[in-house]
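Spelled out from the first residue to the last, the chains are:
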Amino acid sequence: IIHSVGALTYQQAQAMIDQPDDPNDVQACAVKGLASLARKLRKRRLEAGALTLASPEVKFVLDSESLNPTDVQAYTLYEANAVVEEFMLFANVTVSKKILRHYPTLSVLRRHPSPNRSMFDTLISKARCRGFDIDIEDSKRLADSLDGAVLESDPFFNKLLRILSTRCMSPAQYFCSGEYKPSDWHHYGLAAPVYTHFTSPIRRYADVCVHRLLAAAIGVAPLPVHLSSKSYLHNLAANMNRRHRSAQLAGRDSVQLHTLLFFSGDGAKEEDAYVLDVDTAEGSEPSFSVLIPRYGIEGRVKLTEISPTDEGLVRIPEKHCMKYGGMAIQVFDRVKVKIWVKELEDFQRELMVDLLEPKFGKETTRKHTLPNKTGGSKPVKRSRVKRQSKK
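Fair warning: this is a prediction, and the values are worked out from it, not measured in the lab. Numbers given for residues are sequential positions, taken from 1 along each chain in its written order. With pLDDT at 70 or above as the cut-off, local features in this predicted model cover only qualifying residues; side-chain atom pairs require 80 or more to be listed or tallied, and sums for whole chains, interfaces and linings still use all residues. Side-chain measures were taken over the full set of non-hydrogen atoms in the model, leaving aside hydrogen atoms and water.

Undergrad: Would you take a moment to explain helix H3 (residues 79-102) for this structure?
TA: Because each turn of an α-helix spans 3.6 residues, side chains separated by three or four positions end up pointing in the same direction. To qualify as a helix, a DSSP run of H or I must reach at least 4 residues; to qualify as a strand, a run of E must reach at least 2; elements of each kind are numbered from the N terminus. A helix is expected to span 1.5 Å multiplied by its residue count minus one. With 24 residues, H3 extends 35 Å from end C-alpha to end C-alpha; this agrees with the ideal 34 Å at 1.5 Å per step. Buried residues are those whose accessible area, probed at 1.4 Å on protein chains only, stays under 20% of the maximum for their type, while exposed residues exceed 50% and partly exposed ones sit between those limits. Regarding H3, the residues found buried are Ala80, Asn81, Val83, Glu86, Leu89, Asn92, Val95, Ser96, Ile99 and Leu100. By the convention used here, residues are in contact when the closest approach between their heavy atoms is within 4.5 Å. On its buried side, H3 packs onto helix H1 (10-18), helix H2 (26-48), strand S3 (108-111) and helix H7 (205-217).

See the structure below:
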């Protein structure tokens with residue numbers, strides 16, 4: 001029996017977790033107790049091989065009147081978020097087991113296939129550039145590899161690896177338990193033999209179906225007729241997977257739109273960024289992609305002043321690196337970029353990312369001089385060529 005004594009934001013709950021113990025503060029004691037139990041649940045999950053991954057989630061602050069974005073930043077996670085997550089995962093696993101016992105061929109579950117090694121080849125190669133080996137034999141070994149890949153000189157490096165690891169995996173899928181062997185029900189990322197979505201029926205239809213299955217399993221309500229058909233559940237799961245993918249794409253488009261609006265109204269910004277990928281294909285335009293942690297956004301930097309066929313450009317695919325005039329750009333390097341919006345024709349706009357540091361181009365390799373009247377030489381001032389990229 002749950003007796004609610006308050007509703008808290010994540011920040012309020014985190015403040016209670018962090019404050020000193022006070023036996024007279026009922027709410028704080030309850031939150032601290034939940035946090036302690038959540039740590040034990042999390043420890044047990046991680047020991048079983050569950051992965052701790054990451055994604056660059058973005059939060060926008062909107063103007064109360066115009067609803068235009070006034071700030072954009074990476075979403076901040078607190079321990080309070082992890083407390084809620086642990087109990088949601090625990091509830092989802094528990095409910096999946098319950099409905100399976102009653103409806104072994106009709107349960108709506110969620111599976112996460114193990115990744116193929118080929119999906120991780122590029123990430124494994126990138127990690128080796130920094131002296132780390134990524135083992136993907138199973139989720140436990142992958143988790144241990146990621147935990148050990150830490151650079152003391154750059155704490156963000158580990159998060160970068162986890163972001164890239166997430167992108168190497170197949171998406172999780174809804175399915176009907178009667179269509180797969182039990183060995184295929186496994187959720188790789190959570191290291192769970194069975195898993196479902198139960199905790200968010202107000203925003204996911206899969207959870208509504210699971211609620212109906214659970215209600216029938218515990219005798220609260222009869223099972224709807226349509227949920228008794230495996231062919232119906234097959235089509236239902238396929239549709240939910242399509243809709244989930246569409247929602248993800250719509251979310252990304254929304255982030256891109258609001259990012260353009262923010263930088264259009266607030267002017268150019270200079271920020272630190274991390275190199276995610278370097279284009280080392282022969283004949284391609286010299287470029288690399290970056291992640292900007294401050295805003296949680298990505299962009300591509302094009303080194304337009306360097307010709308793809310320039311003999312001074314050296315590409316090293318196995319090191320995910322390019323060199324020019326004694327300077328190098330390699331995966332995971334930290335660079336400084338300028339973010340701005342370019343106005344195009346027909347009122348179109350495009351987010352641009354220019355490289356500021358390190359200096360990487362022809363101005364780093366040449367000393368332009370002209371002879372003066374006395375036979376010596378004097379420098380010729382050259383304007384720096386702006387490098388632009390399209391996201």
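Here the narrative resumes.
Undergrad: Sorry, what's going on with the packing of aromatic side chains here?
TA: What describes a pair of aromatic rings is the distance from one ring centre to the other and the angle between the planes of the rings. Centres within 6.5 Å are what make two rings of Phe, Tyr or Trp a pair, Trp counting through its six-membered ring; a difference in plane orientation under 30 degrees is then read as stacked, over 60 as edge-to-face, and the rest as tilted. One pass over the full model with this rule turns up eight aromatic pairs. Their ring planes at 75° and their centres at 4.9 Å tell us that Phe262 and Phe263 sit as a pair that is edge-to-face. Of the residues examined, Phe263 reaches a relative accessible area of 2% and is grouped as buried. Counting every residue linked through ring pairs, the aromatic cluster contains Phe132, Phe157 and Phe332. Sitting above the plane of the Tyr174 ring, Arg110 keeps its charged end 4.4 Å from the centroid. Geometrically, a charge over a ring is one whose NZ (Lys) or CZ (Arg) sits within 6 Å of the ring centre while staying within 35 degrees of the ring normal.

Undergrad: Explain the sheet that holds strand S8 (residues 313-316) here, please?
TA: Pairing between sheet strands relies on hydrogen bonds along the backbone, with the strands arranged either parallel or antiparallel. Two strands pair if DSSP finds at least two bridges between them. Taken in spatial order, the three strands line up as S8-S9-S10 in an open sheet, and their pairing is antiparallel. A strand with exactly one partner marks an edge of an open sheet, and here the two such strands are S8 and strand S10 (327-330). Sheet twist, expressed as the average angle between the axes of neighbouring strands with direction ignored, equals 15°. Pairing geometry for strand S9 (residues 321-324) and S10, over four bridges, is antiparallel. Paired with Lys323 across the strands is Ala328, a residue of S10. To define axes, lines are fitted to C-alpha atoms, for helices over the stretch in contact only, and angles between the resulting N-to-C directions are given on a 0 to 180 degree scale.

Undergrad: I keep staring at the environment of Gly131 and nothing clicks. Help me out?
TA: Secondary-structure assignment places Gly131 in the loop between helix H4 (117-128) and helix H5 (139-148). Between the C-alpha atom of Gly131 and that of Ala149, which follows or precedes it by 18 residues, the distance is 8.7 Å.

Undergrad: Sorry if this is basic, but what is going on with the sheet that holds strand S11 (residues 334-343) here?
TA: The sheet built from five strands is open, its strands ordered S7-S6-S5-S11-S12 with antiparallel pairing. Pairing within the sheet leaves two strands with one partner each, and these edge strands are strand S7 (297-302) and strand S12 (349-357). Within this sheet the neighbouring strands show an average axis-to-axis angle of 45°, counted without direction. Taken strand by strand, helix H6 (residues 156-167) contacts strand S5 (269-278), strand S6 (287-292) and S7, and its axis lies near 55° from that of S5.

Undergrad: How should I be thinking about the pattern of salt bridges in this particular structure?
TA: Any two side chains of opposite charge can pair, on the condition that their charged atoms come close. Here, a salt bridge means any side-chain nitrogen of Lys or Arg that lies within 4 Å of a carboxyl oxygen of Asp or Glu. Inspection of the entire model under this criterion finds 16 salt bridges. We note a salt bridge from Glu86 to Arg45, for which the minimum N-O separation is 2.6 Å. In this pair, Glu86 is assigned in helix H3 and Arg45 in helix H2, connecting sequence segments 41 residues apart. Overall, Arg45 belongs to the buried group, its relative accessible area being 17%. A salt bridge links Arg204 to Asp207; its shortest N-O distance comes to 2.8 Å. Residues joined by salt bridges that share partners form a network here, namely Arg42, Arg45 and Glu86.

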